[in-house]
Amino acid sequence: NGRSFSDSPKYLYLEMLNNKDYKDYKFIWAFNDPESKTNLFKELVNERTTIVKTNTNSYLKSYAKAKYWIVNSKLNERLIKKKGQICCQCWHGTPLKRLGFDILKEKGNALNTVKEIKEKYYNDAKVYDYMLSPSKFCSEALTSAFALKSLNKENIIVEKGYPRNDFTFKYTEDDALKIQNSIGIDTDKKIILYAPTW
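Heads up: these notes are all about the structure in this document.

The rules behind these values
Residues numbered from 1 in each chain as written. Predicted model: local features only at pLDDT ≥ 70, side-chain atom pairs only at ≥ 80, totals over all residues. Heavy atoms only, no water. Pairing = 2+ DSSP bridges. Helix = DSSP H or I, 4+ residues; strand = E, 2+ residues; numbered from the N terminus. Axes fitted to C-alpha atoms, helices over the stretch in contact; angles between N-to-C directions. Buried < 20%, exposed > 50% of the residue type's maximum accessible area, 1.4 Å probe, protein only. Contact = heavy atoms within 4.5 Å. Lys, Arg positive; Asp, Glu negative; His and termini not counted. Salt bridge = Lys/Arg side-chain N within 4 Å of Asp/Glu carboxyl O.

1. Things to note about the sheet that holds strand β5 (residues 130–133)
Okay, step 1: In space, the four strands of this open sheet follow the order β3-β4-β5-β6, with parallel pairing throughout. At either margin of the open sheet sits one strand with a lone partner, and together these are β3 (68–71) and β6 (157–159). Strand-to-strand twist in this sheet, taken as the mean axis angle between neighbours without regard to direction, amounts to 20 degrees.
Okay, step 2: For strand β4 (residues 86–89) and β5, the ladder comprises two bridges, and the chain directions are parallel.

2. A few points about helix α5 (residues 136–145)
Residue pairs spaced three or four apart in an α-helix point in one direction, given the helix's 3.6 residues per turn.
Okay, step 1: Those residues of α5 that fall on the buried side of the exposure criterion are Cys138, Ser139, Ala141, Leu142, Thr143 and Ala145.
Okay, step 2: As for α5, its buried residues are in contact with α4 (114–127), β5 and β6.
Okay, step 3: Remark: alanine 147 follows α5 within two positions and exhibits a positive phi of approximately 50 degrees.

3. As for the side chain of lysine 37
Okay, step 1: Of note, lysine 37 is situated in helix α2 (residues 34–40).
Okay, step 2: Put simply, lysine 37 is tucked away with no salt bridge, and the nearest opposite charge, on aspartate 33, sits 5.6 Å away.
Okay, step 3: In contact with lysine 37, other than residues within four places in its own chain, are Arg3, Ser4, Phe5, Phe31 and Leu44.

4. What to know about the pattern of salt bridges
Okay, step 1: Taken as a whole, this structure holds five salt bridges when the rule is applied.
Okay, step 2: Between lysine 120 and glutamate 77 there is a salt bridge, with the nearest N and O atoms lying 3.4 Å from each other. Taken together, the positions of lysine 120 in helix α4 and glutamate 77 in the loop between β3 and β4 put the pair 43 residues apart, joining distant regions of the chain.
Okay, step 3: Residue glutamate 77 is classed as exposed on the basis of its relative accessible area, which comes to 58%.
Okay, step 4: Where lysine 136 meets glutamate 140, a salt bridge forms, and the shortest distance between an N and an O atom there is 2.5 Å. Placement of the pair is lysine 136 and glutamate 140 together in helix α5, with a separation of four residues, close to one helical turn.

Right, dumping it as structure tokens:
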């Protein structure tokens, strides 16, 4: 939703940007505040990448022209996918809480009733051609939350992991030291990470 240059879309982009098999591809990133992103992330500044502001005419035209949509959350409801366009939903985590069709009847949220939430998830899932999953648990949860069986789309799940996590399987000790040094962690001490969600 235009908030950040991160998560699996970032890592798919970086892989494609640096892989000769995609040398003819052009990339478009949509941000709520484009200038801050191009100032922060040098990877976005190159002749093959265009930056657009969300919810502008350029944003809508970009979606209308793009062959591939790579997203990690629900889509803007104003976007209409045309025949021949492909949407890859990377999602943004493991659904340990109830989502979409798994939300209990008595609970909604501040903006939508449970019925409206389900309708939004259902309409969003209609657009997906691929949905990434890091595990069997996640595949089952996403299939249920997005009602993929009722859409005959349970086969769109690609259970190969999240691109954002690939680094954790191939990092080196030098990579770890660079990170520690960049944020000022004493390498002689035991490191404990506390990272609660919500």
